[in-house]
Amino acid sequence: MSTKSINAELFRQLSYIADDENCMKKALDYIRKLAIQKEKAQPLTATDTLAEDIVPYRTKEELKEGFNQAFQEAKHYKDGKLQLQTWEEVYHEL
């Protein structure tokens, strides 16, 4: 299976759970854990839990800055000063 087809399947599967915040958080936690383990070159075991040993990748200041930017963008969109991308446009960028 090629990387492109795996990527497409991953997004397809995520679209099925996109409306369930809890499932999306679990998926994100698991993907973060996979990324950390890849960096450490440690194999993932079946007994690992999803949220243990997750190291935050952003500082508190970076999170605040990201939220401020998101709220500014939302305000600009609401005021008609910003045109947002559709899901298809975002997907094709990936």
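Starting from 1, residues in each chain are numbered consecutively following that chain's sequence as written. For a predicted model such as this one, the threshold for reporting local features is a pLDDT of at least 70, and the threshold for listing and counting side-chain atom pairs is 80 or more; totals across whole chains, interfaces and linings nevertheless cover every residue. Computation of side-chain values: all heavy atoms of the structure, hydrogens and water removed.

Colleague: Just checking my understanding: could you explain the overall build of the protein for this structure?
Modeller: Strands here mean DSSP runs of E at least two residues long; helices mean DSSP runs of H or I at least four residues long; both are numbered from the N terminus. Along the backbone of the protein there are four helices and zero strands. The order of α-helices and β-strands along the protein, N terminus first, is α-α-α-α. Whether a residue is buried, partly exposed or exposed follows from its accessible area with a 1.4 Å probe, protein chains only, as a fraction of its type maximum: under 20%, in between, or over 50%, in that order. For the protein, with 94 residues in total, the buried portion stands at 3%. The contact definition used throughout considers only heavy atoms, calling two residues in contact when any of these lie within 4.5 Å. Relative to all contacts within the protein whose residues are 6 or more apart in sequence, the contacts with residues 24 or more apart total 20%. Summing over all exposed atoms, the protein offers an accessible surface of approximately 8500 Å²; the carbon and sulfur share of this is 57%. Calculation of accessible area relied on Shrake-Rupley with a 1.4 Å probe; when residues are assessed, cover is drawn exclusively from the protein chains displayed.

Colleague: Just to check I follow, could you spell out a nonpolar patch on the surface for this structure?
Modeller: Residues with no salt bridge and a relative accessible area higher than 30% make up the patches, which join like charges within 9 Å and nonpolar side chains (Val, Leu, Ile, Met, Phe, Trp, Tyr) within 5 Å. Here, a salt bridge means any side-chain nitrogen of Lys or Arg that lies within 4 Å of a carboxyl oxygen of Asp or Glu. A cluster of nonpolar residues, Leu63, Phe67 and Phe71, forms a patch on the protein surface that exposes about 330 Å² of accessible area. With respect to the helices and strands, the residue Phe71 is situated in helix α3 (residues 60-78).

Colleague: Got a minute to help me understand the pattern of salt bridges in this structure?
Modeller: It is possible for side chains bearing opposite charge to pair when their charged atoms get close. Taken as a whole and assessed by the stated rule, the structure comprises two salt bridges. A salt bridge links Arg12 to Glu9, with the nearest nitrogen and oxygen atoms 2.9 Å apart. Of the two residues, Arg12 and Glu9 are both situated in helix α1 (residues 3-17); the distance of three residues between them amounts to about one turn of the helix. Among the ionic pairs, Lys25 bridges to Glu21, the shortest N-O distance being 3.2 Å. One end of the pair, Lys25, and the other, Glu21, are both in helix α2 (residues 21-40), four residues apart, so they sit about a helical turn from each other. Look at Lys25 and you get partly exposed, because its relative accessible area is 48%.

Colleague: Just to check I follow, could you spell out the packing of aromatic side chains for this structure?
Modeller: Here the distance between the centres and the angle between the planes together describe a pair of aromatic rings. Any two rings among Phe, Tyr and Trp, with Trp reduced to its six-membered ring, count as a pair given centres within 6.5 Å; such a pair is stacked if its planes are under 30 degrees apart, edge-to-face if over 60, and tilted if neither. Taken as a whole and judged by the stated rule, the model has four aromatic pairs. Measuring from ring centre to ring centre gives 6.3 Å for Phe11 and Trp87, while their planes differ by 55 degrees; the resulting arrangement is tilted. Residue Phe11 is located in helix α1, and its partner Trp87 is located in helix α4 (residues 87-93); the two are separated by 76 residues in the primary sequence. Arranged with centres 6.5 Å apart and planes meeting at 25 degrees, the rings of Phe67 and Phe71 form a pair that is stacked. With Phe67 and Phe71 both in helix α3, this residue pair falls four residues apart, about one helical turn. Overall, Phe71 belongs to the exposed group, its relative accessible area being 58%. Taken together, the ring pairs connect Phe11, Trp87 and Tyr91 into an aromatic cluster.

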